[in-house]
Amino acid sequence: MKKTILAVVSLLMIGACSSDDSSDTDAIQNDDFDRSAMLVNWADNIIIPAYEDLTAKLETLVAQKEVFIAEPNAANLESLRTAWKEAYKVWQHVEMFNVGMAENTNYIFQMNVYPTNIQDIQNNIQSQDYDLSSVNNNDAVGFPALDYMLYGMAESDAEIIEVYTSAADSGKRKTYLSDLTDQMNTLTLAILEDWKNGYRDTFIANTDNTATGSINLVVNDFIYYYEKGFRANKFGIPAGVFSPNPLPDRVEAYYSSGFSKVLALEAIDAIQNFFNGRAYTSGNNGKSLDDYLNSIKESEELSSMINSQYDAARSKISTLKDCFAEQVETNNVTMTETYDIIQLAVVLLKVDMLQALDISVDFVDADGD
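A quick note: this is a predicted structure, and the numbers were derived from the prediction, not measured.

Caption draft 1: Representation of the overall build of the protein chain within the structure. A tally of helices and strands in the protein chain yields 14 helices and zero strands. Going through the 369 residues of the protein chain one by one, you find that 53% of them count as buried. Here the contacts in the protein chain between residues at least 6 apart in sequence split such that 78% fall between residues at least 24 apart.

Given below as structure tokens:
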């Protein structure tokens, strides 16, 4: 179900998402831009390479997990944590692409729902009777669940190691840790194989400017991710923008203190790289949304404005504390200021860019903003 809690509808944005009220938003836009070349660049140089890297990082995570389970000690715990961090950084380059098999399997909700639910995790460990693919376990799996399993199960590293060695139910904890990691790897490998074995060709062939066209789907997912996954989840919700009080425990990577800023900076890089068509591996620029806007009369300045807002967001994020929970607790004003800067690009993307590209938004934002 598209975006899970969101109603998937086709509607015009307030202020209009078409420059002509009489135009058909499902009609092919009359311009000379090479949509096929952009889709090829997205698939071959950005999406598939990012999935390949994530798969490789998750395979390393699985290998380090096996080493830790065989011998839980300080060195092996640190190696496992490092592998988790490296995979989590690559995840920031994948999360925005909720199309194809990723959408059909609710992939993103099995990989990065936070805050993780400690009670559900503990219940699963105790019962040893769980279906990690169930929607009821979305908040007990993925990167946030591993965050808790590797950093949050005790106060010190020595106590965490004890949890996996001599403590009661240590074997059950090892099993759950193993199952979590294996599931993440299995899900990601399946999506990568789907891209390589048919979906890639279907994706690049679907150049129509319709609600189900590849560009429309990816652009909507991109904007949704920027607005919800990046702006709201990483900053707005912890800062209390949508609640009476700040919620510092809602930050990404809450238990691994000091890592939330790393992930946020990685995410803004991924966002800007995609907008500019920058290849994941080589760093070379190909056909992109930036080019698309520049090909449309009177939209060149919009492209520049969007990139300027990305730069401003990155600069502001760089001023935050490494631990976002600490930032919220000690100086939340700076956190809300960061949210406000990020928010400035939402209108540029969600109204101005969609209007220029003649694309209708396909989701309803539940934040009420």
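Having seen the model, we can carry on.
Caption draft 2: Main features of the nonpolar core. If you look at the biggest cluster of nonpolar residues, it comprises 111 residues, and the most contacted ones within it are W42, Y107 and M353. A per-element tally of this core places helix α1 (residues 35-70) first, with 13 residues. Setting aside residues no more than four positions away along its own chain, M353 makes contact with V219, I223, F275, L289, L293, L302, I306 and L348.

Caption draft 3: Quick peek at the pattern of salt bridges. Inspection of every chain in the model, using the stated rule, returns 17 salt bridges. For the salt bridge of R81 with E78, the shortest nitrogen-to-oxygen distance reads 3.9 Å. With R81 and E78 both in helix α2 (residues 74-91) and three residues apart, this pair spans about one turn of that helix. Residue R81 is classed as buried on the basis of its relative accessible area, which comes to 4%. Among the charged side chains, a salt-bridge network with shared partners connects D44, R200 and D201.

Caption draft 4: The side chain of S256, seen in detail. Positionally, S256 belongs in the loop between α9 (214-239) and α10 (260-275). Judged by relative accessible area, S256 falls into the buried class, the value being 3%. Contact partners of S256, with chain neighbours within four places excluded, come to W84, D147 and Y151.

What counts and how
Residues numbered from 1 in each chain as written. Predicted model: local features only at pLDDT ≥ 70, side-chain atom pairs only at ≥ 80, totals over all residues. Heavy atoms only, no water. Helix = DSSP H or I, 4+ residues; strand = E, 2+ residues; numbered from the N terminus. Buried < 20%, exposed > 50% of the residue type's maximum accessible area, 1.4 Å probe, protein only. Contact = heavy atoms within 4.5 Å. Core = buried A, V, L, I, M, F, W, Y, C linked by side-chain atoms within 4.5 Å. Salt bridge = Lys/Arg side-chain N within 4 Å of Asp/Glu carboxyl O.

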